[in-house]
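Residue-level structure breakdown
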Amino acid sequence: MTEYIRFKDPSKCYGCNACVQICPRAAILMEPNDEGFLYPILDAAKCINCGLCAKICPAENISSTNIPMKVYAAQDKNLPALLDSSSGGLFSTFAERIISDNGYVVGCIFNEELKAVHILTNRKELVEKMRGSKYVQSDIRGIYNQIKTCLLAGNRVLFTGTPCQVDGLKRFLCKDYETLITVDLICHGVPSPLLLSDYLKSVSERKGKVIDIRFRDKKRNGWCSQGSISYNNRVKTISPYNSSYYYYYLQNSVSRVCCYSCKYSSIKRVSDITIGDYWNIETVIPKINSKNGYSVCLINTIRGNKFFDGVKDKLYYYETTLEDAVKGNGNLSSPCPMPSDRKDIYYRIKKEGWAQVEKTEFKPKKFLPFIQKCVPKSIKRGIKKILFGDGQC
C-alpha cells in the first residue's frame, strides 16, 4: 500500500487518483479530509496486498521526465477561441486538431453544480467548456479507465491536466501509447473543491445565486489576473483585489499540502507539451502585441514536437529560450512556499464562514481594479509586487 495510506502524511499524496483506478479489487476510495481535499482510504478487507498502488504512486516513485527541447511563445489565430481562453489559446488549437482526427479530448470543466471535473469527450461544445483556468483541484475519478479504453480501441487522445495528473495517468497505463498526447499546465498549486464550493455558496447567499465563474475573463478585462462571476441578471468582475478566494489562491495560502513541496515545479517535465501564461513576453519580444494573451509552450518530447509542428499553421509563434520562460513562471524552478497562516485560514473559514473571515481578515483594495485597467503593464506589475508579493512564486 502507499505511504499515505500507511502513515496519513498529506505531503505524500497528490490526489491524482491513480491508486484508486489501478486497484483490481476496488479496495481504495477517495474521501475528503477536513479541508475538502480527496485522499485515498483503504478497505483492508478487500486488499490483497498486490502492491500495485505503491508501484504506480507518483509521490513514491521517480518520475520519467524530459528537459524541454524547444520553447515557444504562441497564440491561437482563431480570435473567438483566443478571447475565450486564459492566455494564448493553445489548448483550443490542440483540441481542434484532435477532434478533426476523430479523436477524444480530456480536460476539466465546471459542471452544472460548478464542480471542477475531468471529462472525456469528442463533442466540440464540451471541449469549449474546458477552456479557461479553473483555480481548484479537479475531480478525476474514473477518467484513467475511460482513457485506457479509448486508447485500446485505437483512438487518438489528448489529455490536459496538472503535472501530477499527467504522471498519474502515465503510471496507471503502465505502457506508452503512440496515440496519446499529454499536455500539462505550469501549476501554481490547487485549493480544495470544498473551499471553492463554500466560497460560491457564501457569495450566493449575500449577492444572489452564482451561475458561472471564470477566473480569467479576457472579454471583460483583457489578459490579466481578473475574471468574472455571473449571477442570474448580471456579471461582475472578480480579481485578487475584491475576491478573497482569488486573493488567497494567488497568495498560495490555500493549496494542497503536497503543492508546497511539489517535485513537478521544475524544468523537468512529465508531459509531451507544457503550457502556461507567458507573463514576461513583452520583455522577451518587446514589440509584440500581447493584448489578447500569449502562452509559453515547452516542447518536451519528440512526439510533442511532431504534434506542435502539425498545428503551427493555426498559430502565431516565436521561438524563445527556456531561461526566458522560467523568468516569467517561477513554478518552473521551484514550488511556492507554504505561508505560516495556511492551516489557520482553512480552520477559520470552516469555523466562522467566508463572510466573517472576509470582514476581519480580507481588506479589498477597491482602487486597484481601476489601476489594473488604466496603468501600463510594467507599472502595475510593480505595484502588485509591492502590495501583494510576486504572485508567481
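Further up the page is the structure itself.
Residues numbered from 1 in each chain as written. Predicted model: local features only at pLDDT ≥ 70, side-chain atom pairs only at ≥ 80, totals over all residues. Heavy atoms only, no water.

Sheet strands pair via backbone hydrogen bonds, and the direction of the pair is either parallel or antiparallel. Sheet architecture is open: three strands sit in the order 8-9-10, paired in antiparallel fashion. Two strands lie at the open edges of the sheet, namely strand 8 (210–214) and strand 10 (235–238), each paired on one side alone. Recorded for the sheet is a direction-independent mean angle of 20° between the axes of neighbouring strands. In the sheet, strand 8 pairs with strand 9 (residues 227–231) via four bridges, with the strands oriented antiparallel. Of the residues in strand 9, the one forming a bridge with Ile-213 is Ile-229. (Pairing = 2+ DSSP bridges. Helix = DSSP H or I, 4+ residues; strand = E, 2+ residues; numbered from the N terminus. Axes fitted to C-alpha atoms, helices over the stretch in contact; angles between N-to-C directions.)

What the rule picks out here adds up to 20 aromatic pairs. A centroid spacing of 5.9 Å and a plane angle of 85° characterise the contact between Phe-215 and Tyr-246, whose relative ring orientation is edge-to-face. Of the two residues, Phe-215 is situated in the loop between strand 8 and helix 10 (218–221) and Tyr-246 in helix 11 (residues 244–250); the sequence distance between them amounts to 31 residues. Summarising the aromatic geometry, the rings of Tyr-294 and Tyr-318 are spaced 6.2 Å apart at their centres and angled 50° between planes, so their arrangement reads as tilted. Highlighted residues: Tyr-294 in the loop between helix 12 (281–284) and strand 12 (295–299) and Tyr-318 in strand 13 (residues 315–320), separated in sequence by 24 residues. Take Tyr-294: its relative accessible area is 3%, and that puts it in the buried class. An aromatic cluster is present here, built from Tyr-135, Tyr-199, Phe-215, Tyr-245, Tyr-246, Tyr-247, Tyr-248, Tyr-249 and Trp-354 joined pairwise through their rings. Lys-77 extends its terminal NZ or CZ atom over the ring of Tyr-316, reaching a point 5.5 Å from the ring centre. (Phe/Tyr/Trp six-rings, centres within 6.5 Å; stacked < 30°, edge-to-face > 60°. Buried < 20%, exposed > 50% of the residue type's maximum accessible area, 1.4 Å probe, protein only. Lys NZ or Arg CZ within 6 Å of the ring centre and 35° of its normal.)

Here we come to helix 9 (residues 193–207). With 15 residues, helix 9 extends 21 Å between its outermost C-alpha atoms, agreeing within 8% with the 21 Å of an ideal straight helix rising 1.5 Å per residue. Restricting attention to buried positions, one finds in helix 9 the residues Leu-195, Leu-196, Tyr-199, Leu-200, Ser-202 and Val-203. Viewed end-on, helix 9 has its buried residues packed into an arc of 160°, placing them on one side of the element. Residues of helix 9 that are exposed and point more than 90 degrees away from the buried face comprise Lys-201 and Glu-205. Elements that come into contact with the buried residues of helix 9 comprise strand 4 (104–110), strand 8, strand 9, helix 11, helix 15 (342–352) and helix 16 (354–360). One or two positions beyond helix 9, positive phi appears at Gly-208, with a value near 115°. (Expected span 1.5 Å × (residues − 1). Arc of directions from axis to C-beta. Contact = heavy atoms within 4.5 Å.)

So, on to the environment of Ile-5. With respect to the element layout, Ile-5 can be found in helix 1 (residues 3–7). Under the relative-accessibility criterion, Ile-5 is labelled buried at 7%. Separated by 49 residues in sequence, Ile-5 and Ala-54 have C-alpha atoms that sit 9.5 Å apart. Discounting chain neighbours no more than four positions away, the residues touching Ile-5 are Ile-28, Pro-40 and Leu-42.

Moving on, we come to the state of the cysteines. The final tally for this structure, using the stated rule, is zero disulfides. Take Cys-47: it sits in no disulfide, and the sulfur closest to it among the cysteines is that of Cys-53, at 6.6 Å. By relative accessible area, which is 23% here, Cys-47 ends up partly exposed. (Disulfide = S-S within 2.5 Å.)

Worth remembering: the numbers are spatial, not functional.
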